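Remarks on the overall topology
Now for the letters of each chain:
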Amino acid sequence: MTEWCKKEGCWKRVREAPPTLGREITQYLSTAEKEIAEKVDAKKAQRLDTQLGRLIYVMQERGQEYWLRALEWNAPRDILPEKEKSILSQVAKKRGFVPSDLQANVLIDAEKKLQDEGFR
């Protein structure tokens, strides 16, 4: 037996033999496609969490009265550009208005500008 292991014929058979794994190991293996799909799903979930977090911040944590105060505070100072004022006005004045994710993001940026100028 030991002499056979040293021969080229033995090594050729070993190289050509398909690898076999026990059941205990195969349950932990994954394909490249599965890994990619899991990463894509995780990114989608993270994006959705971020979007929902922004909406919760704008609509619940701050609320309509806060945005109305921000709009009124900005009026004499005219700090915000028209796009930001328009979104701020909609959130502050329209009952039941829910901004899109992009609008919520613009609104959060506008809030930072106002806070940098002294709005509290």
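Residues numbered from 1 in each chain as written. Predicted model: local features only at pLDDT ≥ 70, side-chain atom pairs only at ≥ 80, totals over all residues. Heavy atoms only, no water.

Some thoughts on helix H4 (residues 32-77)
Put simply, the rule reads: Where helices and strands are cited, they refer to DSSP runs of H or I of at least four residues and of E of at least two residues respectively, numbered from the N terminus. Helices are assigned an expected span. That span is 1.5 Å times one less than the residue count. To get the bend at any residue, fit one axis to the seven residues that end at it and another to the seven that begin at it, then take the angle between the two axes. When checking whether two residues touch, look at their non-hydrogen atoms; a contact exists if any pair is within 4.5 Å.
With 46 residues, H4 ought to run about 68 Å at 1.5 Å a step, yet its terminal C-alpha atoms sit only 56 Å apart, falling short of that. Of all the bends in H4, the greatest measures close to 85° and is centred on arginine 62. Packed against the buried residues of H4 are helix H5 (82-93) and helix H6 (101-116). Where H4 ends, the next residue or the one after it, aspartate 78, has phi of about 50°, a positive value.

Overview of the packing of H4 against H6
Worth spelling out the cut-off: Here an axis means a line fitted to C-alpha atoms, over the contact stretch when the element is a helix, while the angle between two N-to-C directions is reported on a 0 to 180 degree scale. The labels follow the angle: roughly parallel below 35 degrees, roughly antiparallel above 145, roughly perpendicular from 65 to 115, and oblique for the rest. A clockwise turn of the near helix away from the far one marks a right-handed crossing, whereas an anticlockwise turn of less than a right angle marks a left-handed crossing. The nonpolar class holds Ala, Val, Leu, Ile, Met, Phe, Trp, Tyr, Cys and Pro. Asp, Glu, Lys and Arg form the charged class, and all remaining residues, Gly among them, are polar.
Remark: H4 packs on H6, axes separated minimally by 10 Å, with the N-to-C direction vectors making an angle of 50°. Considering their axes alone, H4 and H6 lie oblique with respect to each other. Here the hand of the crossing between H4 and H6 comes out left-handed. The residues of H6 that touch H4, namely those facing Gln51, Arg54, Leu55, Tyr57, Val58, Arg62, Tyr66, Trp67, Ala70, Trp73 and Asn74, are Asp101, Ala104, Asn105, Leu107, Ile108, Glu111, Leu114 and Gln115. Of the residues assigned to the contact of H4 with H6, the class counts are 11 nonpolar, four polar and four charged.

Let's talk about a positive patch on the surface
Under the convention used in this document: Each patch is built from residues that are more than 30% exposed by relative accessible area and take part in no salt bridge. Like charges join if they lie within 9 Å; nonpolar side chains (Val, Leu, Ile, Met, Phe, Trp, Tyr) join within 5 Å. Here the Shrake-Rupley method, with its probe set to 1.4 Å, supplies the accessible areas, and only the displayed protein chains count as covering residues. For this document, the term salt bridge refers to a Lys or Arg side-chain nitrogen within 4 Å of an Asp or Glu carboxyl oxygen. The sign given to each residue is positive for Lys and Arg and negative for Asp and Glu; His and the chain ends receive no count. Working definition for charges: the position is that of NZ of Lys, CZ of Arg, CG of Asp or CD of Glu.
Together, Lys39, Lys43, Lys44 and Arg47 line one region of the surface with positive charge. One can find lysine 43 in helix H4.

Looking at the pattern of salt bridges
Under the convention used in this document: Relative accessibility under 20% of the residue-type maximum defines a buried residue, over 50% an exposed one, and the middle range a partly exposed one, all with a 1.4 Å probe and only protein chains included.
Under the definition given, this model contains eight salt bridges. Between glutamate 84 and lysine 113 there is a salt bridge, with its nearest N and O atoms 2.9 Å apart. Of the two residues, glutamate 84 sits in helix H5 while lysine 113 sits in helix H6, which places them 29 residues apart along the sequence. Taking the relative accessible area as the measure of exposure, glutamate 84 reaches 8% and is therefore buried.

Quick notes on the nonpolar core
Quick note on the threshold: We define the nonpolar core as a collection of buried residues of types Ala, Val, Leu, Ile, Met, Phe, Trp, Tyr and Cys that are connected through side-chain atoms lying within 4.5 Å of one another.
Core analysis: the biggest nonpolar cluster contains 19 residues, and Val58, Trp67, Leu88, Leu107 and Leu114 have the highest contact counts within it. Looking at this core, the elements with two or more residues in it are H4, H5 and H6. If one sorts the elements of this core by residue count, H4 sits on top with seven residues. In this view, leucine 114 contacts Ala70, Trp73, Asn74, Ile79, Leu80, Leu88 and Phe119; residues no more than four positions away in its chain are not counted.

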